[in-house]
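Secondary and tertiary structure notes
These are the residues of each chain, in order.
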Amino acid sequence: MDSETARRNHRDEVDRRRTFAIISHPDAGKTTLTEKLLLKGGAIHEAGEIKARKANRHARSDWMSMEQERGISVTSSVMQFKHRGFALNLLDTPGHRDFSEDTYRVLTAVDSVIMVLDVASGVEEQTRKLMEVCRLRDIPIITFVNKLDRFGLPPLEILSDIEETLALETVPLSWPIGMGDRFRGTYNLYEDELHLFSHADMQGEHERLAIDSLDDERLDDILGEQADELRFDIELVREAGDSLNLERYRDGIQTPVFFGSALSNFGVGDMLDTFVDIAPPPQPRPTTTRTVDPNEEAFSGVVFKIQANMDPRHHDRMAFVRVCSGQFERGMTVTHSQSGDTMRLNNATAFMAQDREGVERAWPGDIIGIMNHGTLKIGDSLCAGDPVEFTGVPSFAPEHFRKVHLEDPFRAKHLGKGLTQLSEEGAIQVFRPLRGNDYILGAVGELQFDVVLARLEDEYNVDARLSGVNYTCCRWIEGDPTIVEAYESDEISNLFRDASGALAYLGLSTWRLERMMEDWPELNFKKTKEHV
Ligand code: G4P
């Protein structure tokens, strides 16, 4: 193949990829939607497979069963499927019980997001938090308002909730006709097409009907009195609303909105068709020195997640690497940018819907898993060409805190080693006060504490206990060294260093944090911290 053809092939592979995540509050329907997407893409063949995995995950009650489930969670963490010639990589963000820093980090590896809302609840807490993370990189978002087969909030109220709570412009691309018992389907605003819902047929292909205009009398025949309601709504939406602007969507300012029912597979295809058309392909990624384009010839990738191996006796772990440029081939030699060492990537894993397969090749946007013994850390970069260090896979300020107590003081060294390794893996954040020897753990989700305790015992033979502390917020401190020094001596009792040595303030309340920020206006109180 000549180099021009190779370049064109590469560009085609990049252009047809869509790497994304689904975000939602628990129970809004993320698992159900995932399942419908995978069924459509032929990645699973039976309804219920993804739900069963979720049930398994929730049923586990102790660390050992979590261990057994790990194999499953590794394989389901990246699901690849096809739709109309596009190759889609869906990255799983764990649900409520598993809510952790991993959830946030996955969002640093995607190019766009589908946000699922329950029509009965609108924007909920966890969606709001995940959106904050999407904002850091202005990730484009398509919204799917779910469960229209049930009664919920009026569609206009949902739209204004999104606009007000999430500060996103909304552009409905489909509009629901009734809801609950009166749900008759949706009206596709761009194609002027009626999509009819049948309560009797929850899984089948739904009838579509092209309509010349809203005055078409067939609307009255089919929808009865609901035809006029639809006309009224559409007129209102068309007059008051914005129209789709691709640039504003890609800049994360505007969100196209679809209404449907994932459970009955209604509206899912409509959304997916638009998704592959407008969602961005793999995007250029920033490094400390320059921006790397996915069409560059040399392979590069960034580690965004680490997962410990299933067997706790071996300290090997799986690094999830997003390919950022070039082409990955098994066995290739790369430079680990952070250490300067070279590595041969013999045992890389591609993530498919059900099982692991030895990867032969992977393209920008794809995810590969690399087994290693602790060489690779979160945020690390691998490059076949000139080494670069990718940015944009940060640590997120923890919101939950615990103090560590050691039962046997002779195990202190092991505790230190265990906590260092677990923090490198991104399982937990570890802080030590400027004055004193305590270990304070910080997490985004409470479950992280259970995992750390169990792993300290299993893998490091350390029997530790955690107690509550009154901290509620954390910020990393940056600024002019002389001001930082003055700040350190004034506020020493509130200051800590994390595992990488970065200075952090742990606050007892957001009110105190705000006061602190007012008192030290020259300092940066950062909610995220880059790993580089
Ligand atoms: P999650 O991953 O976001 O947590 O949500 P999940 O898909 O598990 O859905 C949560 C519940 O909502 C499930 O019910 C699911 O069947 C239901 N659901 C999802 N989409 C729709 C929809 O479009 N319409 C209706 N009416 N329900 C929907 P469950 O009772 O918790 O589980 P199951 O017993 O049905 O499996």
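Data block above holds the structure.
In this text, all values refer to a predicted model and were calculated from it rather than measured experimentally.

Scoring rules and cut-offs
By convention here, each chain's residues receive numbers from 1 onward along its written sequence. In keeping with the model being predicted, local features are shown solely for residues with a pLDDT of at least 70 and side-chain atom pairs are shown and tallied solely at 80 or more, while totals for entire chains, interfaces and linings include all residues. To obtain the side-chain values, all non-hydrogen atoms of the structure were included, while hydrogens and water were left out. Think of it this way: any DSSP run of H or I at least four residues long counts as a helix, any run of E at least two long counts as a strand, and we number them from the N terminus. Accessibility here uses a 1.4 Å probe with only protein chains present; expressed as a share of the type maximum, an area under 20% marks a residue as buried, one over 50% as exposed, and anything in between as partly exposed. Whether two residues are in contact is decided by their heavy atoms, any of which lying within 4.5 Å being enough. Under the convention used here, a 1.4 Å probe and the Shrake-Rupley method define accessible areas, while residue burial counts only the protein chains that appear. Simply put, an axis is a line fit to the C-alpha atoms, just over the touching stretch for a helix, and the angle between two N-to-C directions goes from 0 to 180 degrees. Any angle between 65 and 115 degrees counts as roughly perpendicular, while under 35 counts as roughly parallel, over 145 as roughly antiparallel, and the rest as oblique. In this scheme, a crossing is called left-handed if the near helix is turned counterclockwise away from the far one by less than a right angle; it is called right-handed if the turn is clockwise. For this classification, the nonpolar set comprises Ala, Val, Leu, Ile, Met, Phe, Trp, Tyr, Cys and Pro, the charged set comprises Asp, Glu, Lys and Arg, and every other residue, Gly included, is treated as polar. When a carboxyl oxygen of Asp or Glu lies within 4 Å of a side-chain nitrogen of Lys or Arg, that pair is called a salt bridge. Paired strands, in this sense, are two strands between which DSSP finds at least two bridges. Each polar contact in these results corresponds to two N or O atoms within 3.5 Å; when the atoms are within protein, one needs to be able to donate a hydrogen and the other to accept it, and residues that are neighboring in sequence are counted only if both atoms are side-chain atoms.

The next point concerns the overall build of the protein. From N to C terminus, the protein includes 15 helices and 33 strands. Among the 532 residues that make up the protein, the fraction classed as buried is 56%. For the protein, the proportion of contacts with a sequence separation of at least 24, taken over those separated by at least 6, is 72%. Total accessible area on the protein is roughly 23,000 Å²; 46% of this is exposed by carbon and sulfur atoms.

A separate point is the packing of helix H12 (residues 412-425) against helix H13 (residues 447-460). In contact at an axis separation of 10 Å, H12 and H13 are set at 120° when each is read in the N-to-C sense. Relative to H13, the element H12 lies oblique. For the pair H12 and H13, the crossing hand works out as right-handed. Residues His-414, Leu-415, Gly-418, Leu-419, Gln-421, Leu-422 and Glu-425 of H12 touch H13, and the partners they reach there are Val-452, Arg-455, Leu-456 and Tyr-460. Grouping the constituent residues of the contact of H12 with H13 by class yields six nonpolar, three polar and two charged.

Our next topic: the side chain of Thr-335. Within the element layout of this structure, Thr-335 appears in strand E17 (residues 333-336). Among residues more than four places away in sequence, those in contact with Thr-335 are Gly-340, Asp-341, Thr-342, Ser-381, Leu-382, Cys-383 and Pro-387.

Here the focus is the pattern of salt bridges. For the structure on display, the rule yields 34 salt bridges. Residues Arg-231 and Asp-228 are paired through a salt bridge, measuring 2.8 Å at the closest nitrogen-oxygen approach. Of this pair, Arg-231 and Asp-228 both sit in helix H9 (residues 226-240), three residues apart, which is roughly one turn of that helix. Judged by its relative accessible area of 15%, Arg-231 is buried.

Strands belonging to one sheet form pairs held by backbone hydrogen bonds; the direction of such a pair is parallel or antiparallel. With mixed pairing, the seven strands of this open sheet are ordered in space as E2-E3-E1-E4-E5-E11-E6. On the outer flanks of this sheet lie strand E2 (78-83) and strand E6 (169-172), each paired with one strand and no other. Taking the axes of each pair of neighbouring strands and ignoring which way they run, one obtains an average angle of 30° across the sheet. As judged from the six bridges shared by strand E4 (residues 112-118) and strand E5 (residues 141-146), these two strands associate in the parallel manner. Residue Leu-117 lies in a different strand from E5, and its bridge partner there is Val-145. This element, helix H11 (residues 268-278), spans strand E1 (17-24), E2, strand E3 (86-91), E4, E5 and strand E11 (254-259) of the sheet and lies at about 175° to E5.

With respect to the element layout, Asp-498 can be found in strand E30 (residues 495-498). Its relative accessible area of 9% is what places Asp-498 among the buried residues. Within the local environment of Asp-498, its side chain forms a polar contact with the side chain of Ser-500, the two groups lying 2.9 Å apart. Here Lys-529 takes part through its side chain, which lies 2.7 Å from a polar atom of the side chain of Asp-498. Beyond its immediate sequence surroundings of up to four residues, Asp-498 is in contact with Val-430, Phe-431, Trp-476 and Lys-529.

Interhelical geometry of helix H2 (residues 30-40) versus H11 gives an angle of 70° and a closest axis separation of 11 Å. If you check the angle between H2 and H11, you find them roughly perpendicular. Where H2 abuts H11, its residues Leu-33, Lys-36, Leu-37 and Lys-40 lie against Val-268, Gly-269, Met-271 and Leu-272.

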